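Architecture at a glance
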Amino acid sequence: MKKLSEQSTQFGFDFVALKSTFEAKYGQSDEQLICSLAPARVNLIGDHIDYNGGFVLPCAINRYLCILVRKNSSRTLSYFAADLNASFSFSIDAPAKYDEAFGFANYLNGCFAYLKESGFHADSGFDVLVSSAIPIGSGLSSSAALEIAFILAVAELFHLSITRTEAALLGKRVENKFMGLKSGIMDQFVVANAVSHTAMLLDTSSLRCEYIPLDLQHSDFQNGKDYSLVVMNSNKPRALVGSKYNERKRECEKAFAILKQVFIVPDLCSLMPQNLSRAEYVLQSACADKDEAAVLFKRVRHCVVENDLVKQAVAALREKDLKSFAEFFTKSHASLKNDYEVSGAELDSLVSNAIKTEGCAGARMTGAGFSGCAIALVETPKVPAFKKAVGDAYKKECNLEAEFYVCDTVNAAAVFGL
């Protein structure tokens, strides 16, 4: 385990202050203090198809969640979220359960419960401090960062052997089973496995991945321009567990149950675009409610079209054709807005104003939607003017202040001694 200097500024935290906060909360000890850092993620293209067997193209970005952990002499597991000033304590021997009142602690309890279920035995309690620069409910995977950072920290603390893929699958299980959100594997997988200056092409049906070079500001793209990846935060948070996310998942499951009787495919994203007309006919024939059939077909069409857009976008990126790559952003947003219906007035405002602003090559919502964040590729010299133009228009249209983050692609979560 590498040692992290308390003076390090690499991850954007004041580690001297965090260590001081930890010791003020839990006291001093000779036990090893471990620091686990996990990045946020942005999905460049391929949303809402990771639970439908599709290809996705995420990357990790330079906003981090930090967890400090240290063993204690009790059988108590204690959490403290420094940014929220929220504390919880639990017995490590008691069964973990979900309780809305536990807030962020539910994710950690879920991770701990499933680690124990897999055979892990904690020989002592331990203390946890969480601090995050990833906005909660923004669509940048703060929950996946929390899960992966915690799992890797516990693995280091108790000398567990766990692979990055196993950590990602455990985090996904927490979301699906403990939290009740029927999400896919993308978020946890990229947080656990990202490589800087690349985007990850992940086949979610097999978990095979390939790293596609993406170094926007040190590139030789066809038009010779440097670009910046700009995240646009709508500042309208959403809670996915209470959103229509699970409803979309159920709609896809129902559509697939009908279509697999006719098409020999393992998932919705394996349908070919040329099969869409026949798929529409099959759904109309199978559903007594024609309005329901129309809705199910729109969900299917998004999955098929979005999966194809990922492939086309990757081909453009390989050719260093950033203009075409970014144009697929805009096409993807239209599908998410019109066919999958997971955008919203705030995200639509950000995207529409972004793409008509000089220097923007393309824009789209990113992640699960239902508000949260959108992304844009913007010519680097024009970023300041872009932020002002889009921010002013968004304020006028939605009466909210947007935040803008210019992001670099970074490596996956890592654990250090502090």
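Residues numbered from 1 in each chain as written. Predicted model: local features only at pLDDT ≥ 70, side-chain atom pairs only at ≥ 80, totals over all residues. Heavy atoms only, no water.

**Regarding the packing of helix α3 (residues 142-157) against helix α5 (residues 186-193)**
The angle between the axes and the distance between the axes are what describe a pair of packed helices. One can describe the packing of α3 onto α5 by two numbers: an axis separation of 9 Å at closest approach and a directional angle of 50°. Judged by the angle between their axes, α3 and α5 are oblique. Handedness of the α3/α5 crossing: right-handed. Here Ala144, Ala145, Glu147 and Ile148 of α3 come into contact with α5, specifically with Asp187, Gln188, Val191 and Ala192. (Axes fitted to C-alpha atoms, helices over the stretch in contact; angles between N-to-C directions. Helix = DSSP H or I, 4+ residues; strand = E, 2+ residues; numbered from the N terminus. Parallel < 35°, antiparallel > 145°, perpendicular 65-115°, else oblique. Left-handed = near helix turned anticlockwise from the far one by under 90°. Contact = heavy atoms within 4.5 Å.)

**Some points on the pairing of strand β8 (residues 208-213)**
With 6 bridges connecting them, strand β7 (residues 198-203) and β8 associate as antiparallel partners. By the bridge assignment, Met200 is partnered in β8 with Tyr211. (Pairing = 2+ DSSP bridges.)

**Digging into the sheet that holds strand β9 (residues 227-233)**
Taking strand neighbours across the sheet as the criterion, the 4 strands line up as β10-β11-β9-β12 in an open arrangement whose pairing is antiparallel. The open sheet has two edge strands with one neighbour each: β10 (360-365) and β12 (403-407). Strand-to-strand twist across the sheet, computed as the mean angle between neighbouring axes with direction ignored, equals 20°. Looking at chain direction, β9 and β12 are connected through 5 bridges and run antiparallel. The partner of Asn233 across the bridge, within β12, is Glu403. Along the sheet, helix α9 (residues 322-338) contacts β9, β10 and β11 (373-379); its crossing angle with β10, the most-contacted strand, is approximately 30°.

**Points about the packing of aromatic side chains**
Counting across every chain of the model gives 20 aromatic pairs. Plain terms: the ring middles of Phe325 and Phe329 are 5.2 Å apart, the flat faces sit at 65° to each other, and that makes the pair edge-to-face. Highlighted residues: Phe325 and Phe329, both in helix α9, separated by 4 residues, approximately one helical turn. Phe329 carries the same exposure label as Phe325, and that label is buried. The rings of Tyr79, Phe88, Phe90, Phe102, Phe104, Phe112, Phe120, Phe126, Phe150 and Phe158 are connected pair by pair, giving a single aromatic cluster. (Phe/Tyr/Trp six-rings, centres within 6.5 Å; stacked < 30°, edge-to-face > 60°. Buried < 20%, exposed > 50% of the residue type's maximum accessible area, 1.4 Å probe, protein only.)

**Some thoughts on the side chain of Asp203**
Looking at where Asp203 falls in the secondary structure, it is placed in strand β7. One polar contact links Asp203 to Ser205, side chain to side chain, over a distance of 2.6 Å. For Asp203, the contacting residues outside a window of four places in its chain are Gly53, Gly54, Phe55 and Arg208. (Polar contact = N/O pair within 3.5 Å; in protein donor to acceptor, adjacent residues only side chain to side chain.)

**Points about unusual backbone geometry**
We note that His48 has phi near 65°; this positive angle belongs to a residue other than glycine. Within the secondary structure, His48 is located in the loop between β2 (34-45) and β3 (55-71). A positive phi is found at Lys320, a non-glycine position, where the angle reads about 60°. Assignment of secondary structure puts Lys320 in the loop between α8 (290-318) and α9.

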